[in-house]
Amino acid sequence: MKLKEFIHQNKTAIQEEKMSSKADANFEQLLKDKLHQPKKQKVVFLKFIAVAASLGLLIATFVWFNNQPEINKKQQQLLSNLENESVGKRLEGVYTFNDEYAKEDDKIIETLLSILHKDENTNVKIATIDALLKFPKNESIRKSFIKALEKEDVPLVQIKLIKAVSFLRENRAQKSLEKIINSEQTFPIVKNNATLAMAEIKK
């Protein structure tokens with residue numbers, strides 16, 4: 001018998017044949033497993049990534065939180081010393097900055113520049129100039145040296161400032177140096193240092 005004749009004769013039987021309910025249930029479960037398994041794996045993977053990211057953020061926050069108070073406390077103590085009425089405490093603050101700070105701190109540098117212009121103690125000013133020279137590229141420091149040089153009248157501090165602008169080869173300090181050299185009130189030793197600095201800057 002040919003295949004075409006067999007199908008024609010058994011057409012009704014094939015159409016009416018039903019799968020058993022158990023077969024239907026097994027097929028449905030198999031279909032669900034095939035369709036949903038990748039999705040479940042993807043969800044599990046995404047949950048794992050989310051947990052790992054959250055854990056990393058938590059650790060980073062914990063480390064930052066533990067270090068931050070220490071940094072702030074150190075900075076606050078230093079600023080407190082720099083602003084202290086005691087000369088010894090101010091010197092301690094300047095030396096601490098000079099020894100322990102390898103990076104610029106805007107707040108502390110601002111306080112040191114204020115000391116440079118306003119402090120009445122010669123030793124504190126000289127120590128401050130040394131400390132500020134750690135950051136020769138800082139524009140605020142360079143400008144402050146020139147400004148201080150124009151107004152300073154204490155010979156030891158004048159000489160320290162002259163050597164500072166000479167070390168920095170700060171061309172903008174030439175007018176201030178000329179003023180010192182030409183002033184009749186300038187001590188001879190200060191004039192000599194200013195003259196040498198002028199020659200060094202012009203090289």
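Scroll up for the structure.
It should be emphasised that the depicted structure is a prediction, and the values quoted were computed from it without experimental measurement.

Caption draft 1: Inspection of the pattern of salt bridges at higher detail. As enumerated under the stated definition, the model contains ten salt bridges in all. In this structure, R169 and E200 form a salt bridge, with 2.7 Å as the shortest nitrogen-oxygen distance. Note that R169 is positioned in the loop between α8 (155-168) and α9 (174-182) and E200 in helix α10 (residues 188-202), a separation of 31 residues in sequence. Looking at R169, the relative accessible area reads 40%, which means it is partly exposed. K203 is paired through a salt bridge with E200; the nearest N and O atoms lie 3.3 Å apart. For K203, a relative accessible area of 74% corresponds to the exposed category. Its relative accessible area of 24% is what places E200 among the partly exposed residues.

Caption draft 2: Broad picture of helix α6 (residues 122-132). All buried positions along α6 are accounted for by V124, K125, A127, T128, I129, A131 and L132. At its buried positions, α6 is contacted by α4 (87-100), α5 (106-118), α7 (139-151) and α8. Near the N-terminus of α6, the side chain that reaches the backbone nitrogen of N123, with its oxygen 3.0 Å away, is that of N121.

Caption draft 3: Structural detail: α8. The terminal C-alpha atoms of α8 lie 20 Å apart, and with 14 residues this matches the ideal 20 Å at 1.5 Å per residue to within 8%. In the segment just after α8, R169 is the residue with positive phi, at about 50°.

Caption draft 4: Seen up close, the packing of α8 against α10. At their nearest, the axes of α8 and α10 sit 9 Å apart, and the two run at 5° to each other. Our classification of the angle between α8 and α10 gives roughly parallel. Of the residues in α10, those touching α8 at P155, Q158, I159, I162, K163, V165 and S166 are I189, V190, N193, A194, A197, E200 and I201. Looking at the contact of α8 with α10 residue by residue, the class counts come to nine nonpolar, three polar and two charged.

Parameters and conventions
Residues numbered from 1 in each chain as written. Predicted model: local features only at pLDDT ≥ 70, side-chain atom pairs only at ≥ 80, totals over all residues. Heavy atoms only, no water. Salt bridge = Lys/Arg side-chain N within 4 Å of Asp/Glu carboxyl O. Helix = DSSP H or I, 4+ residues; strand = E, 2+ residues; numbered from the N terminus. Buried < 20%, exposed > 50% of the residue type's maximum accessible area, 1.4 Å probe, protein only. Contact = heavy atoms within 4.5 Å. Polar contact = N/O pair within 3.5 Å; in protein donor to acceptor, adjacent residues only side chain to side chain. Expected span 1.5 Å × (residues − 1). Axes fitted to C-alpha atoms, helices over the stretch in contact; angles between N-to-C directions. Parallel < 35°, antiparallel > 145°, perpendicular 65-115°, else oblique. Nonpolar A, V, L, I, M, F, W, Y, C, P; charged D, E, K, R; others polar.

Worth remembering: the numbers are spatial, not functional.
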